[in-house]
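# Understanding the architecture of this molecule
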Amino acid sequence: MKKQIVLNCTPQEVRVAILEGAQLAELHIERSKDRGVVGNVYKAKVQRVLPGMQAAFVDIGFEKSAFLHASDFRHGLEELPHSLTDDDSVDTEIGGEPVDADGSSVETELEDASAENGAEEAVGSSSTSPPPPNRRERGPRLPLEDKLSRGEEIIVQVSKEPMGTKGPRVTSYVSLAGRYLVYIPTTSHIGVSRRIADEQERRRLKELVTSCRPPEGGFIVRTVCEGLSRKEIQADVGFLTRLWSRVLKKSETASAPAILYSDMDLVQRTVRDFFSPEVGRVLLDSPTEHQRLLDLVESLAPRLKGRVSLYEDAEPIFDRFGIESQIDRALERKVWLRSGGTLVIERTESLTAIDVNTGRFVGRKNQEETILKTNLEAAEEVVRQLRLRNIGGLIIIDFIDMENEANRRQVSDALVEHVRQMDKAQTKILKISELGLVEMTRKRTRESLEQTLCAPCSHCGGTGLVKSPETVAFEILRRLVREARVHADAARLVVKANPGVASFLSATQAHDLDQMEQQLGKKIVLKAQESFEPVRYEIVAQ
């Protein structure tokens with residue numbers, strides 16, 4: 001079954017669900033109060049240059065300063081990184097979409113890529129910044145402090161959203177995404193997505209873009225460009241170059257910090273980045289957004305206009321497709337496998353740990369066969385969950401121990417293949433160890449689903465654990481002794497506690513409370529407080 005895109009639009013937020021069959025593959029959320037900034041272009045003012053880090057902090061008008069690394073800074077044509085000769089071959093990659101440079105002259109070094117902006121991209125990362133290709137070192141490179149100074153004004157683009165206590169990351173290698181092409185004004189490079197496999201088509205597209213290009217700037221030919229005519233490509237080139245001209249013109253009069261270009265909102269990016277011939281239907285529940293989306297499709301991909309539909313049933317659109325329940329499951333720690341095994345996903349500040357268990361699955365032959373089957377099923381589900389939950393950073397997968405080295409290799413190969421087929425985020429996977437451990441990294445471009453939809457628990461402080469009623473009850477008993485000594489003249493001590501704690505004291509500690517009353521010479525009164533958190537209690541002397 002083809003992919004479907006389902007949009008739920010309200011004044012408060014827009015939610016975009018990517019369905020593969022009936023299964024939720026990705027969820028993207030944009031709330032009106034905190035719309036994403038990746039892809040926005042700013043005129044920035046340099047605040048500090050840090051020679052030891054080869055980085056700078058720049059002001060783009062946010063509460064937190066933006067971070068600019070030396071590898072993300074371009075300083076005039078004379079400072080551009082090393083070009084390649086015609087017999088050099090370079091592979092760059094945009095958010096998981098490989099790009100073959102085919103011996104082109106590459107006049108830029110672009111690092112820390114955000115996602116590709118193709119049909120395979122995570123919509124939440126709406127801009128491109130291709131990472132640097134491998135190239136020969138040709139001469140010394142100036143340190144950042146010799147290229148940037150405090151108070152200097154520069155044009156930058158946000159390549160990574162602010163996360164937690166960190167401000168946004170920015171780059172001076174601006175890239176603007178169109179429907180079919182990505183325009184990189186600071187290069188002369190023409191690249192073609194390696195997912196366009198036919199060599200004749202690759203040459204045709206490259207020749208078309210080369211003939212349509214302006215005197216300055218380079219282009220990346222995206223996957224959706226395959227089979228297009230010169231007219232469609234030329235229109236995209238014109239759109240993108242006019243857009244960049246407007247950005248430059250605005251920068252001439254703007255005072256830093258100032259925004260020069262704001263990227264498309266989530267509804268628009270859904271069309272630009274996801275709506276490809278692979279998508280069988282786009283369905284949304286807002287008449288206003290439906291018309292706006294139709295207008296955009298008419299200008300960007302008129303052949304696909306008939307696949308856009310307005311949902312008008314009384315049942316909420318996400319309920320109709322079973323999406324709400326799938327979102328709820330995506331926030332749970334435990335994931336059930338079809339065989340009866342489980343994944344347990346635990347996130348910490350520094351990494352994500354995924355534990356694989358056989359659960360109810362006992363197999364038909366022997367223990368090794370049971371473990372292998374569970375691990376193979378888990379390898380696929382792990383990749384699905386990483387993509388759905390948008391988990392990035394360091395990830396440790398604890399597969400069930402396997403004695404057979406061939407089985408370990410089979411599970412490791414399966415994991416790599418599932419990542420290649422299902423997940424377009426940049427990943428690095430190490431070989432599975434004898435203990436069944438796999439270390440991998442997945443590029444973090446936006447907040448995870450958990451970070452987007454959840455907040456730290458006020459009861460547990462985000463640890464996921466609180467003191468048990470028994471622990472709090474015993475703490476209260478010890479505290480009563482201290483309070484009795486402090487308030488020697490009081491006739492009674494009133495204990496206010498969470499109902500669970502109060503119930504535990506009255507049901508299981510009644511005898512101890514009676515003895516304590518006799519020893520302390522004071523009446524002890526229990527009062528359950530519905531508003532109290534599990535660990536909160538008060539002792540009042542009267």
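Here is a short report on the structure shown in this document. Because the structure is predicted, anything quoted here is derived from the model rather than measured. (Residues numbered from 1 in each chain as written. Predicted model: local features only at pLDDT ≥ 70, side-chain atom pairs only at ≥ 80, totals over all residues. Heavy atoms only, no water.)

Spatially, β18-β19-β20-β21-β23-β22 is the arrangement adopted by the 6 strands of the open sheet, whose pairing is mixed. The open sheet has two free edges, formed respectively by β18 (334–336) and β22 (427–429), since each of these has just one partner strand. Neighbour to neighbour, the strand axes of the sheet diverge by 20 degrees on average, direction disregarded. The sheet contact formed by β22 and strand β23 (residues 437–442) spans 3 bridges and is antiparallel. Paired with Ile-429 across the two strands is Met-440, which belongs to β23. Contacts between helix α7 (residues 367–389) and the sheet are confined to β18, β19 (342–347), β20 (351–357), β21 (393–398) and β23, with β20 contributing the most and set at about 150 degrees to the helix. With respect to the sheet, helix α8 (residues 405–422) is in contact with β21, β22 and β23, its orientation differing from that of β22 by roughly 170 degrees. (Pairing = 2+ DSSP bridges. Helix = DSSP H or I, 4+ residues; strand = E, 2+ residues; numbered from the N terminus. Axes fitted to C-alpha atoms, helices over the stretch in contact; angles between N-to-C directions. Contact = heavy atoms within 4.5 Å.)

The next thing to look at is the side chain of Asp-236. Among the secondary structure elements, Asp-236 is positioned in helix α2 (residues 230–253). In this structure Asp-236 is buried but unpaired, with Arg-222 as the nearest side chain of opposite charge at 6.2 Å. Every residue in contact with Asp-236, bar those within four places of it in the chain, is listed here: Gly-178, Arg-179, Tyr-180 and Leu-181. (Buried < 20%, exposed > 50% of the residue type's maximum accessible area, 1.4 Å probe, protein only. Lys, Arg positive; Asp, Glu negative; His and termini not counted. Salt bridge = Lys/Arg side-chain N within 4 Å of Asp/Glu carboxyl O.)

Before going further, it helps to spend a moment on helix α10 (residues 469–486). Counted at 1.5 Å a residue, the expected span for α10 with its 18 residues is 26 Å, and the 25 Å between its end C-alpha atoms agrees. Along α10, the residues classified as buried are Val-472, Ala-473, Ile-476, Leu-477, Leu-480, Glu-483 and Ala-484. Where the residues of α10 are buried, they touch β24 (492–497), α11 (499–508), α12 (510–520), β25 (523–528) and β26 (537–541). (Expected span 1.5 Å × (residues − 1).)

Turning to the pattern of salt bridges, a few remarks are in order. Counted under the stated rule, the structure contains 28 salt bridges. We note a salt bridge from Asp-72 to Arg-169, for which the minimum N-O separation is 3.1 Å. One end of the pair, Asp-72, is in the loop between β6 (66–69) and β7 (91–94); the other, Arg-169, is in strand β10 (residues 169–171), and 97 residues separate them in sequence. Exposure class is identical for Asp-72 and Arg-169. Each is buried. A salt bridge links Glu-483 to Arg-479; its shortest N-O distance comes to 2.9 Å. Residue Glu-483 and its partner Arg-479 are located together in helix α10, separated by 4 residues, close to a single helical turn. Under the relative-accessibility criterion, Glu-483 is labelled buried at 13%. For Arg-479, a relative accessible area of 28% corresponds to the partly exposed category. Within this structure, Glu-13, Arg-15, Arg-31 and Glu-324 form a network of salt bridges that share partners.

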